[in-house]
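Analysis of the macromolecular model
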Amino acid sequence: FPSHDRSATPLFNVGSPWATVVLDPVTELSDCILSHFATTNPGLLKDARKWAAPIDTKVGQILQAFYTLPCHVVCIMHTVQEKIVNDDGQITAVRQEPVIYSKLRDFLGHIPDQFFYQDSKAVGGKVSAFVQTVPDAKVRGLGARWPKNLPAEISPPTYDNIYSRP
């Protein structure tokens, strides 16, 4: 985490020399903060209720700070499937969740201007990538403040296909 501070602080003090900053992956940022907490206060690790929320808060603060930079900010996160099971043990739904500690994953989509989910699917025997731009039963919190009126899926997910729409 201290190395992250040494890298990120000049971006806020001097400004970003880049048109785009990429945090890849945010999951690793969470792990760096957890490692820092473990080093500075190992007693917190005995109970996840004591460390998950502070890590959640710090990751949220860092993401919000990055989104104040006068450039594009791209955050890449790993996801995991969450299976929703009824009382009979049957799977009733499957959702993709960002791999982030605590409940930040439930509010993450409200921080950036665009929050998309990238996946791939087979169409006519060929696998192609797409970004999903609206929430559904599988992925929550998706959306974009701009550009307006995006289709639910964009394939291929190129800059022009997302931002150069009429």
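In the block above lies the structure referred to throughout.
The structure contained in this document is the topic of the report that follows. Keep in mind that this is a model prediction, so the values were computed, not measured. (Residues numbered from 1 in each chain as written. Predicted model: local features only at pLDDT ≥ 70, side-chain atom pairs only at ≥ 80, totals over all residues. Heavy atoms only, no water.)

Some remarks on the overall build of the chain
Heads up, the rule is: Strands are runs of DSSP state E lasting at least 2 residues, helices are runs of H or I lasting at least 4, and numbering of each runs from the N terminus. Residue contacts are defined here by distance: any two heavy atoms, one from each residue, within 4.5 Å place the two residues in contact.
Along the chain, the regular secondary structure elements total five helices and nine strands. Written out in order from the N terminus, the α and β elements of the chain read α-β-α-α-β-β-β-α-β-β-β-β-β-α. In terms of overall dimensions, the chain has a C-alpha envelope of 55 × 55 × 25 Å along the principal axes. For the chain, the proportion of contacts with a sequence separation of at least 24, taken over those separated by at least 6, is 53%.

Overview of the environment of V59
Its place among the elements puts V59 in helix α3 (residues 48-66). Taking the C-alpha atoms as reference points, V59 and L29, separated by 30 residues in sequence, lie 7.3 Å from one another.

Examining helix α2 (residues 26-40)
To keep things clear, this is the line we draw: Here the expected span of a helix is defined as 1.5 Å times the quantity of residues minus one. The rule is simple: take the accessible area with a 1.4 Å probe, protein chains only, and divide by the maximum for that residue type; under 20% is buried, over 50% is exposed, in between is partly exposed. By arc we mean the arc of the directions from the helix axis to the C-beta atoms, nothing more.
With 15 residues, α2 should reach 21 Å at 1.5 Å per residue; the first-to-last C-alpha distance of 21 Å fits that figure. Turning to α2, its buried residues number three or more, namely V26, T27, L29, S30, I33, L34 and F37. Across the axial projection of α2, the buried residues extend over an arc of 160°, all falling on one side.

Here we look at a nonpolar patch on the surface
Heads up, the condition is: Here the term patch refers to residues with relative accessible area over 30% and no salt bridge, with like charges joined within 9 Å and nonpolar side chains (Val, Leu, Ile, Met, Phe, Trp, Tyr) within 5 Å. All accessible-area figures derive from a Shrake-Rupley calculation using a 1.4 Å probe, and residue coverage is judged against the displayed protein chains alone. The salt bridge definition used is simple: a Lys or Arg side-chain nitrogen within 4 Å of an Asp or Glu carboxyl oxygen.
Among the surface-exposed residues, V22, V74 and I76 lie close enough to one another that they form a single nonpolar patch of about 210 Å² accessible area. With respect to the element layout, V74 can be found in strand β2 (residues 72-75).

Quick word on the packing of aromatic side chains
The condition is simple: Here is the rule: rings of Phe, Tyr and Trp (six-membered ring for Trp) pair when centre to centre is within 6.5 Å. Planes less than 30 degrees apart are stacked, more than 60 are edge-to-face, and the remainder are tilted.
Under the counting rule described, the total for this entry stands at one aromatic pair. Considering the side-chain rings of Y159 and Y163, the 4.9 Å spacing of their centres and the 40° angle between planes classify their relative orientation as tilted. Taken together, the positions of Y159 and Y163, both in helix α5 (residues 159-163) and four residues apart, correspond to about one turn of that helix. Y163 gets classed as partly exposed once you look at its relative accessible area, which sits at 25%.

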